[in-house]
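Reading the structure
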Amino acid sequence: MNKILVTGGAGMIGSNFVKRLVNEGKEVFVVDNLWRGKLEYLNDVNGKPMIPLETHFFNRDLSIADSCDDLALMVDGIVHLADVVAGIDYVFNNQGLLFRQNLLINSNVITSARKAKDNLQGFLYAGTVCSFPLTRQNSLDVIPLREEELYPAMPESAYGWSKLMGQYETELLEKETGIPASILMFHNVYGAPCDFGERSQVIPALIRKAVRFPDEPFKVWGSGLQGRAFIHVDDVVEALWLALNKGMGQGVVQIGPPVCTSIREIAETVVKISGKQIDIVYDTTMPEGDKARSADYSKARRILGWEPHVSLNEGLKRQYQWVKQEIEKQKA
C-alpha cells in the first residue's frame with residue numbers, strides 16, 4: 001500500500017501516524033472534521049504541513065452518507081481512526097448521540113471501502129478495549145484481557161457498543177469483499193498533541209489541572225482506585241505500522257500493556273512531575289467507569305512483533321511538558 005487514507009488523521013493518534021507514513025515514503029490523504037483534531041497537528045517540527053493540505057486534506061463529516069466514496073477510490077489502503085470519543089463525563093452523558101454518530105461514521109467509511117474494493121489492498125480498523133464485556137472489567141482483581149473474550153458481548157458504554165459494531169462490520173467487509181482487514185483494539189492511549197480541555201480524557205485533564213493549580217482545583221473523578229492500561233501514542237503508532245505490514249487478515253489484536261495503573265497513581269505521579277505542593281481531592285460523586293483492565297498482548301507480540309516501549313513515567317513527563325507549553329502559549 002502506497003496511497004493511504006487516514007480518517008481522523010488530524011487527531012492525536014492520526015497526526016502521529018500520518019507523520020510516520022510520510023517518513024516511510026507513503027502518499028497520505030487525511031479526512032477529519034476537526035471536532036477534536038487540529039490542522040496544526042499535521043505540521044512537522046518546523047511548522048510546515050506534513051502533507052499538501054490543499055490537495056490531500058479534506059474537512060468532512062463522515063456521518064454523512066457517501067462522504068468518503070471519492071476518497072476511497074483515490075487510495076489503495078484505508079486506516080480508519082475517526083470516531084466520536086472524549087472524557088468519561090461526555091461519553092456517559094451523550095450515549096445516544098455518540099452511539100448513533102459512531103455507527104454512521106463506521107458504516108459510511110466501510111461502505112465506501114466496499115465501493116472501492118477493486119482498488120483497496122487493505123483496511124485497518126481502530127477498535128477499543130471498551131468493547132470488552134463489563135464482567136471482565138468490573139473488578140479490581142485484574143486478569144489481563146484476551147481477544148477471545150469479546151463475546152458474549154456486554155460493553156459497559158454506548159461507545160464500546162458502537163466500536164464493537166464497527167469491528168463486526170469490518171469483519172463482514174473482509175469476508176464479503178476479500179479486502180484484507182486488520183482490527184486493533186487500543187487500550188487507553190495518551191500522548192501529544194491532544195485535547196486537554198473540558199472534554200479531555202483523564203491524563204491530559206489531570207495534567208491541565210496540575211499546570212493551572214491553584215487557579216484550577218486538582219480534583220480527581222472517583223475514588224482513584226479504578227485503573228487502566230495506559231499506552232503511549234508512540235507505541236500505538238508502531239502497532240499501526242506493523243499492522244499494515246503484518247496484521248492484514250490476522251483478525252482482532254489488542255494493543256496495550258499487561259499492567260493496570262490506578263488513577264490515584266497517575267494523579268500522584270503528575271503532582272510529582274509538576275513540582276508543586278498539591279492536595280489531591282477525590283470526588284466520589286463523579287463517574288469512574290470500568291474498575292480495571294490490562295492487556296494480554298501475546299497475540300500482538302506473536303503476529304506483529306509488537307511490544308510497548310515508552311514507560312508510563314517517561315510518557316507522563318513528555319505530555320506534561322507539552323500541555324504546559326500549550327497553556328503558556330494561550331496566556332501569551
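Bear in mind the structure is a predicted one, so any value in this text is a computation, not a measurement.

Another aspect to go through is the overall build of the chain. Secondary structure assignment for the chain yields 11 helices and 13 strands. Taken over the C-alpha atoms alone, the chain extends approximately 60 × 50 × 35 Å along its principal axes. The proportion of buried residues among the 332 residues of the chain is 54%. Considering only intrachain contacts with a sequence separation of at least 6, the fraction spanning at least 24 residues in the chain is 80%. With an accessible surface of roughly 14,300 Å², the chain has 50% of that area assigned to carbon and sulfur atoms.

Once that is clear, we can look at the nonpolar core. In this structure, Leu184 and Leu240 are the most contacted members of the largest nonpolar core, which totals 62 residues. Take this core: its biggest share by element is nine residues, from helix α8 (residues 233-247). Filtering out sequence-adjacent residues up to four positions away, Leu240 remains in contact with Ile13, Phe17, Val79, Leu81, Leu124, Leu184 and Phe186. Of all hydrophobic cores here, the second largest spans 37 residues; its members include Leu71, Ile78, Ile105 and Leu120.

Each pair of packed helices can be described by the angle between their axes along with the distance between the axes. Two elements in contact, helix α9 (residues 263-274) and helix α11 (residues 312-331), have axes separated by 10 Å at closest approach and are oriented at 55 degrees. Classified by the angle between their axes, α9 and α11 sit oblique to one another. As α9 packs across α11, the resulting crossing turns out to be right-handed. Side by side, α9 and α11 meet where Ile266, Thr269, Val270, Ile273 and Ser274 of the first sit next to Leu312, Asn313, Leu316, Lys317 and Tyr320 of the second. Looking at side-chain class alone, the contact of α9 with α11 contains six nonpolar, three polar and one charged residues.

The sheet built from seven strands is open, its strands ordered β3-β2-β1-β4-β5-β6-β11 with parallel pairing. Each edge of the open sheet carries a strand with a single partner, namely β3 (57-58) and β11 (251-255). Here strand β6 (residues 181-186) pairs with β11 via five bridges, running parallel. Paired with Phe186 across the strands is Ile255, a residue of β11. Contacting β1 (3-7), β4 (77-80), β5 (122-128), β6 and β11, α8 runs over the sheet at an angle of about 160 degrees to β6.

So, on to the pairing of β5. The element β5 is extensively covered by neighbouring structure, given that seven of its seven residues are classed as buried. Across the two faces of β5 the burial is the same, with Gly122, Leu124, Ala126 and Thr128 and Phe123, Tyr125 and Gly127 all buried. Bridging between β4 and β5 involves four bridges; their strand directions are parallel. The partner of Val79 across the bridge, within β5, is Leu124. Relative to β6, β5 is paired through six bridges, and the arrangement is parallel. Bridged to Thr128 within β6 is Phe186.

Analysis parameters
Residues numbered from 1 in each chain as written. Predicted model: local features only at pLDDT ≥ 70, side-chain atom pairs only at ≥ 80, totals over all residues. Heavy atoms only, no water. Helix = DSSP H or I, 4+ residues; strand = E, 2+ residues; numbered from the N terminus. Buried < 20%, exposed > 50% of the residue type's maximum accessible area, 1.4 Å probe, protein only. Contact = heavy atoms within 4.5 Å. Areas by Shrake-Rupley, 256 points an atom, 1.4 Å probe, with all protein chains shown as cover. Core = buried A, V, L, I, M, F, W, Y, C linked by side-chain atoms within 4.5 Å. Axes fitted to C-alpha atoms, helices over the stretch in contact; angles between N-to-C directions. Parallel < 35°, antiparallel > 145°, perpendicular 65-115°, else oblique. Left-handed = near helix turned anticlockwise from the far one by under 90°. Nonpolar A, V, L, I, M, F, W, Y, C, P; charged D, E, K, R; others polar. Pairing = 2+ DSSP bridges.

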